[in-house]
Amino acid sequence: MKPEDQLHERRQALNTAINNHDPQAVAAFLHPEFVARGVGGHSYDRQTAIRQLEQMLQPSLDFQSEVEVEEIEVSEDSATLKVRREERAQMSNRGHLVGNLIVAAVFVLLALRVVFGGGQNALQFWGTIIAYAVCCVWFISRAFRGGPRSIHQTQRAQETWLRVDESWLLVEEEQVS
């Protein structure tokens, strides 16, 4: 198999590992000296990249990536790939929903305490019940407002791969504008 075909296959396998949300499998594609460089000049090493991947591939963040290899240049045991990545993520609002519903339930319990606790005049009683009801409705409406947030971005990058023991490893990634 030609090196270009091996690299194309290897890059698609890396993308499959990303879409399977498997940071350990992704790490197997990264050279020990891996470095990534962003458009703004910031850079990070392999360990930082793996930590970022673990965050990005959490179950609450439905991250998916598509990659298109636009160009491959091979020179002996190194290669440069120009790729275009389309990345999508949908952040769950489950924590937001549960938190607001818990606060609403607390207000319901406080209102029930007022109803069954007694000891207040009619104005205090109804004022407290109305205040708790308004707070309860407000927190319930917040729980269901907004829905999941989504992210969609397209990035281009130049990747440098090295052949190590007959396998290609990603050693550098530089985002290009």
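Notes on the structure in this doc start here. (Residues numbered from 1 in each chain as written. Predicted model: local features only at pLDDT ≥ 70, side-chain atom pairs only at ≥ 80, totals over all residues. Heavy atoms only, no water.)

## As for the overall build of the protein chain
Across its full length, the protein chain holds five helices and six strands. When the helices and strands of the protein chain are placed in sequence order, the string is α-α-β-β-α-β-β-α-α-β-β. Taking all 177 residues of the protein chain together, the buried fraction comes to 28%. At a minimum sequence separation of 6, the contacts of the protein chain that also span at least 24 residues come to 65%. Here the protein chain has roughly 11000 Å² of accessible surface; of this, 54% comes from carbon and sulfur atoms. (Helix = DSSP H or I, 4+ residues; strand = E, 2+ residues; numbered from the N terminus. Buried < 20%, exposed > 50% of the residue type's maximum accessible area, 1.4 Å probe, protein only. Contact = heavy atoms within 4.5 Å. Areas by Shrake-Rupley, 256 points an atom, 1.4 Å probe, with all protein chains shown as cover.)

## With respect to the nonpolar core
One finds L14, L81 and W161 to be the most contacted residues of the largest nonpolar core, which totals 26 residues. For this core, the secondary-structure elements that each account for two or more residues are α1 (3–19), α2 (23–27), β1 (30–37), α3 (46–56), β3 (64–75), β4 (78–91), β5 (149–164) and β6 (167–176). (Core = buried A, V, L, I, M, F, W, Y, C linked by side-chain atoms within 4.5 Å.)

## Looking at the side chain of E173
Relative to the elements of secondary structure, E173 occurs in strand β6. Here E173 falls in the buried class, since its relative accessible area comes to 12%. Not counting the four nearest positions on each side in its chain, E173 is found in contact with F34, V35, A36, R37, Y44, R85, A157, Q158 and E159.

## Some details on the environment of L81
You can see L81 is positioned in strand β4. On the basis of relative accessible area, L81 is assigned to the buried category, the value being 0%. Along the backbone, L81 and E4 are 77 residues apart, and their C-alpha atoms lie at a distance of 9.5 Å. Dropping the residues within four chain positions of it, L81 is found in contact with L7, R11, V69, E71, I72, A157, Q158, E159 and W161.

## Focus: the pairing of β1
Here β1 pairs with β6 via four bridges, running parallel. Each residue of the ladder has a partner; that of R37, found in β6, is E174. The sheet contact formed by β1 and strand β2 (residues 43–45) spans three bridges and is antiparallel. Residue pairing in the sheet places A36 in a bridge with Y44 of β2. (Pairing = 2+ DSSP bridges.)

## Here's the deal with α1
Its 17 residues give α1 an end-to-end C-alpha distance of 24 Å, which sits within 8% of 24 Å, the value for a rise of 1.5 Å per residue. Along α1, the positions that sit buried rather than exposed are L7, R11, L14, N15, A17 and I18. With its buried residues spanning 155° around the axis, α1 presents them on a single face. Positioned one or two residues after α1, H21 has a phi angle of 55°, which is positive. (Expected span 1.5 Å × (residues − 1). Arc of directions from axis to C-beta.)

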